Amino acid sequence: MSDMNLLVIDGEVSRPTSFSFDDLSKLDPARLVIDISRFVPKRAGDAATLAGLLESVGVKPEARYLTLHSSSDNFHASIPLDAVRDKGLVLFRANGAPLPASAGGPFRFFIPDHAACHVAEIDECANVKFVDRIELSRERGFDNRPTEDAEHEALHARQANS
Ligand SMILES: Nc1nc2c(c(=O)[nH]1)N[C@H]1C(S)=C(S)[C@@H](COP(=O)(O)O)O[C@H]1N2
Ligand SMILES: [Mo]
């Protein structure tokens, strides 16, 4: 069973690690972005940089893909590592407390300059909420982002209602 309160980073890494809220809070300040609203006006909270997290687990050179898993609602996105390595964020804190589920917490992946929904591999839909595992791999991993317009609109409607 996965624990929603931990963020596991594993796969093609030297030191597979489970991060808690406290672990992320104690990261070197250079690996944190305090108040993302400075960069992303409509978003709030504090984040760990993906680059910083990947440095602390030691990504193996063979890793090409990064797969974001949300086991709580079975939502998964697999994207090329190079495209997000330097700009991806993991939001984990709001007002000094763990990021609430209403904001996609406890851990929410976020790409500041994502494309619109399903026009590209790195789209808004890849901003996975409730992430409990980030898996590094050589080949593309599991991805169940909707590919059909109708399916995607139904997903958005469900999210708006939840
Ligand atoms: N776990 C999870 N993350 C998810 C989704 C989802 O259904 N489950 N939907 C995605 C889609 S399709 C979009 S467009 C964005 C919407 O993010 P927002 O609600 O913060 O605008 O979240 C993405 N992250
Ligand atoms: Mo989406």
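Residues numbered from 1 in each chain as written. Chains lettered and ligands numbered in written order. Predicted model: local features only at pLDDT ≥ 70, side-chain atom pairs only at ≥ 80, totals over all residues. Heavy atoms only, no water.

(A) Structural detail: the overall build of the protein chain. For the protein chain, the count of helices and strands is four helices and 10 strands. The linear arrangement of helices and strands in the protein chain, starting from the amino end, is β-β-α-β-β-α-β-β-α-β-β-β-β-α. What you see for the protein chain is a C-alpha radius of gyration of 15 Å, in line with the 15 Å of a compact globule of 162 residues. Over its C-alpha atoms, taken along the principal directions, the protein chain stretches across nearly 40 × 40 × 35 Å. (Helix = DSSP H or I, 4+ residues; strand = E, 2+ residues; numbered from the N terminus. Rg over C-alpha atoms; globule rule 2.2 N^0.38 Å.)

(B) Molecular detail of the nonpolar core. Counting 34 residues, the largest nonpolar core has L7, L53, L66, F109, I134 and L136 as its most contacted members. Taken together, the elements giving at least two residues each to this core come down to β1 (7-11), α1 (21-25), α2 (50-57), β5 (65-70), β6 (75-80), α3 (81-84), β7 (89-94) and β10 (133-137). When near neighbours in sequence (up to four residues on either side) are disregarded, L136 contacts I9, D10, G11, E12, V13, L54, V59, A63, Y65, L66 and L81. (Core = buried A, V, L, I, M, F, W, Y, C linked by side-chain atoms within 4.5 Å. Buried < 20%, exposed > 50% of the residue type's maximum accessible area, 1.4 Å probe, protein only. Contact = heavy atoms within 4.5 Å.)

(C) View of unusual backbone geometry. Residue P106 is bonded to the preceding G105 through a cis peptide linkage, with omega at 10 degrees. When you line up the elements, P106 lands in the loop between β8 (97-98) and β9 (108-110). In the Ramachandran plot, N95 falls in the positive-phi region, its phi being about 50 degrees despite a non-glycine side chain. Its place among the elements puts N95 in the loop between β7 and β8. When its relative accessible area of 83% is taken as the criterion, N95 is described as exposed.

(D) Spatial organisation of the layout of surface pockets. Here the largest pocket defines a volume of roughly 670 Å³. Examining the composition of the lining of the largest pocket, we find that six residues originate from one element, helix α4 (residues 149-161), more than from any other. Residue composition of the lining of the largest pocket, by class: nine nonpolar, nine polar and seven charged. (1 Å grid on protein atoms, 1.4 Å probe; cavity = no way out; pocket = protein on both sides within 12 Å on 5 of 7 lines; lining within 4 Å. Points joined across faces, edges and corners; volume = space filled by probe spheres on them. Nonpolar A, V, L, I, M, F, W, Y, C, P; charged D, E, K, R; others polar.)

(E) Here's a closer look at the sheet that holds β5. Across the sheet, five strands lie side by side as β2-β1-β10-β5-β6; this open sheet has mixed pairing. A strand with exactly one partner marks an edge of an open sheet, and here the two such strands are β2 (17-19) and β6. Recorded for the sheet is a direction-independent mean angle of 15 degrees between the axes of neighbouring strands. Relative to β10, β1 runs parallel, the two being bridged by four bridges. Among the inter-strand pairings, G11 is bridged to a residue of β10, identified as L136. Set on the sheet, α2 makes contact with β1, β2, β5 and β10; between it and β2 the angle comes to about 140 degrees. (Pairing = 2+ DSSP bridges. Axes fitted to C-alpha atoms, helices over the stretch in contact; angles between N-to-C directions.)

(F) Layout of the site of ligand 1. The environment of ligand 1 is formed by 16 residues, the closest being R43, D73, R108, K129 and Q159. Here an oxygen atom of ligand 1 and a side-chain polar atom of R108 are 2.9 Å apart. Between ligand 1 and N127, the relevant distance is 3.0 Å, taken from a nitrogen atom to a main-chain nitrogen or oxygen of the residue. For ligand 1, whose free accessible area comes to 540 Å², the fraction covered by protein is 87%. Its atoms largely coinciding with the cavity grid, ligand 1 occupies the largest pocket. (Near = heavy atom within 4 Å. Polar contact = N/O pair within 3.5 Å; in protein donor to acceptor, adjacent residues only side chain to side chain. Areas by Shrake-Rupley, 256 points an atom, 1.4 Å probe, with all protein chains shown as cover. Sits in = over half its atoms within 2 Å of the grid points.)

(G) Summary view of the pairing of β1. Pairing analysis gives three bridges linking β1 to β2, with the strands arranged antiparallel. Within β2, the residue paired with I9 across the bridge is T17. Taking the residues that link successive antiparallel strands as the turn, the β1-β2 hairpin has five residues.

(H) Region of the structure containing α2. All of the buried residues along α2 are L50, G52, L53, L54 and V57. Two residues or fewer past α2, G58 is found with a positive phi of approximately 70 degrees.

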